[in-house]
Amino acid sequence: MTNATAPTAATAVTDPDDPVRERLRRWRLVLGGEQADGTGCALSGRDAAMDATLAALYGKGDKAQSGRERTAGLGASAPSVARWLGDIRTYFPSSVVQVMQRDAIDRLGLAALLLEPEMLEAAEADVHLVGTLLSLNKAMPETTKETARAVVRKVVDDLEKRLATRTRATLTGALDRSARVSRPRHHDIDWNRTIAANLKHYLPEYRTVVPERLIGYGRAARSVQKEVILCIDQSGSMAASVVYASVFGAVLASMRSIGTRLVVFDTAVADLTDQLDDPVDVLFGTQLGGGTDINRALAYCQSRISRPAETVVVLISDLYEGGIRDEMLKRVAAMKASGVQFVTLLALSDEGAPAYDREHASALAALGAPAFACTPDLFPEVMAAALEKRPLPIPDTA
């Protein structure tokens, strides 16, 4: 007896209420047709159009293509790619669109086409697209730069809206708590520290502690209390970290109580502090790619430290040092010995730790500067801990 639900050679899948047919439809979209898909299902209408957008990107297998084949079904012109970008935004949610855009850039060699204004206008703006644009900055024609800045501006504005309020609130609280006073007002008393400092005055008969010495929070002054130096590796693998760090740098620079310096480096060092009022200018001042000389960058940062005990240095790098390794470690040790709080982040992004130099990470950890990847949402807590000189909230997965 024949199973009535078995597909024929060209079954049209159009009934989403039939679970068997819906399952076949999904498998057909996943497998991409061809004779090896095994479903025997034909697609029509919206499903066929969706399948065509997937086939244009993934239709030639997982192996990297070369020459003309590398463009798969998209062709080699910006208009056809722009249409494809519009199609995927029609058929897929934003999170999927961003993944497909990244795959198109990696698999099909479309980076050069991002220099076309019409393609940029069709693309879904995200951190990874910004990183790609920054890597192409020097090759970008004048006709594209205005569109590129608009794309970068949109991403930066979205990130600032997401991150700024919480960052300012968290760090303002940390600055208040770091300014301890010995004669606090009642509402400024730090009860945890006060009780700990007065345990020797415990009266068992009354089951209470007599607080002979009060410890309280000060209030953050309007003058600069803390210095923060963000030292950012601008090698190509750190693109997302550069974007997030630039946004955080602008947020920190907007706080009167924190003096912020932003330094980017490859084999050269660039101080972009004077551009911190606009993170878009900061980003276009970077040059992704090239080598890495962490020692040289840290030497520059060290030369700008005037109040070591009130300074936090944040090194954001995958630690692949092209400079003098032993000198780099000596600089970190010297800064810590002088009272500097030193933080090492392997990445500042949502993607976890990149490939990194584990030997250098271990050496830094031995100096009391453990290296770990940090998400943008965790960064305010990391900075607050550094400002208060308490243990950093290192993720378990580091």
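Every value quoted in this text rests on a predicted model; they were computed, and no experiment measured them.

Overview of unusual backbone geometry
The backbone of Arg207 shows a phi angle near 50 degrees, a positive value even though the residue is not glycine. Along the chain, Arg207 turns up in the loop between strand S4 (202-203) and strand S5 (208-209). For Leu319, which is not glycine, the phi torsion reads 70 degrees and is therefore positive. Mapped onto the elements of the fold, Leu319 is located in the loop between strand S10 (311-316) and helix H12 (325-337). The class of Leu319 is buried, set by a relative accessible area of 0%.

Digging into helix H9 (residues 239-253)
Under the 1.5 Å per step criterion, the end-to-end length of H9 is 21 Å for 15 residues, consistent within 8% with the ideal 21 Å. Of all 15 residues making up H9, 14 are buried, and the element is well covered by its neighbours.

Quick notes on the nonpolar core
Counting 77 residues, the largest nonpolar core has Leu133, Val314 and Phe379 as its most contacted members. At 10 residues, the largest contribution of residues to this core is made by helix H7 (residues 142-178). Discounting chain neighbours no more than four positions away, the residues touching Phe379 are Leu230, Phe248, Val314, Leu345, Leu348 and Cys374.

So, the pairing of strand S8 (residues 258-265)
Here is the key point about a regular strand: its side chains alternate between the two faces of the sheet. Most of S8 sits inside the fold, with seven of its eight residues counted as buried. Summarising the sheet, strand S7 (residues 226-233) and S8 pair through eight bridges and their orientation is parallel. The partner of Glu227 across the bridge, within S8, is Gly259. Note that the unit made of S7, H9 and S8 has a crossover that is right-handed. In this structure, S8 lies alongside strand S9 (residues 269-271), joined through three bridges in antiparallel fashion. Among the inter-strand pairings, Val263 is bridged to a residue of S9, identified as Asp271. The hairpin turn running from S8 into S9, its antiparallel successor, is three residues long.

Some remarks on the sheet that holds strand S12 (residues 371-374)
The strand order S9-S8-S7-S10-S11-S12 describes an open sheet built from six strands, whose pairing is mixed. The open sheet has two edge strands with one neighbour each: S9 and S12. Here the strands of the sheet are splayed against their neighbours by 25 degrees on average, with no regard to which way each runs.

A closer look at the pairing of S10
Buried residues dominate S10, accounting for six of its six residues. The two faces of S10 match: Thr311, Val313 and Leu315 on one face and Val312, Val314 and Ile316 on the other face are all buried. The pairing of S7 with S10 spans six bridges and is parallel. The partner of Leu230 across the bridge, within S10, is Val314. The pairing of S10 with strand S11 (residues 341-348) spans five bridges and is classified as parallel. Of the residues in S11, the one forming a bridge with Ile316 is Leu345. Since S10 and S11 lie parallel, the crossover through H12 that links them has a hand, and here it is right-handed.

Side note on helix H14 (residues 379-388)
A turn of α-helix holds 3.6 residues, and therefore any two residues three or four places apart point the same way. Most of H14 sits out of view: nine of its 10 residues are buried. For H14, the complete set of buried residues consists of Phe379, Pro380, Val382, Met383, Ala384, Ala385, Ala386, Leu387 and Glu388. Lys389, located one to two residues past H14, shows a positive phi value of around 60 degrees.

Concerning the packing of aromatic side chains
Across all of its chains, the model carries one aromatic pair by this definition. Look at Phe248 and Phe379: their rings are 4.5 Å apart centre to centre, the planes differ by 40 degrees, and that puts the pair in the tilted class. Here Phe248 is found in helix H9, whereas its partner Phe379 is found in helix H14, with 131 residues between them in sequence. Exposure class is identical for Phe248 and Phe379. Each is buried.

Here we look at the pattern of salt bridges
The final tally for this structure, using the stated rule, is 14 salt bridges. The closest approach of N and O atoms between Glu142 and Lys145, which form a salt bridge, is 3.4 Å. In this pair, Glu142 and Lys145 are both assigned in helix H7, three residues apart and thus about one turn of the helix distant. Across the salt bridge formed by Arg261 and Asp271, the nearest N and O atoms sit 2.5 Å from each other.

Rules used in this analysis
Residues numbered from 1 in each chain as written. Predicted model: local features only at pLDDT ≥ 70, side-chain atom pairs only at ≥ 80, totals over all residues. Heavy atoms only, no water. Helix = DSSP H or I, 4+ residues; strand = E, 2+ residues; numbered from the N terminus. Buried < 20%, exposed > 50% of the residue type's maximum accessible area, 1.4 Å probe, protein only. Expected span 1.5 Å × (residues − 1). Core = buried A, V, L, I, M, F, W, Y, C linked by side-chain atoms within 4.5 Å. Contact = heavy atoms within 4.5 Å. Pairing = 2+ DSSP bridges. Right-handed = clockwise from strand over helix to strand, strands pointing away. Axes fitted to C-alpha atoms, helices over the stretch in contact; angles between N-to-C directions. Phe/Tyr/Trp six-rings, centres within 6.5 Å; stacked < 30°, edge-to-face > 60°. Salt bridge = Lys/Arg side-chain N within 4 Å of Asp/Glu carboxyl O.

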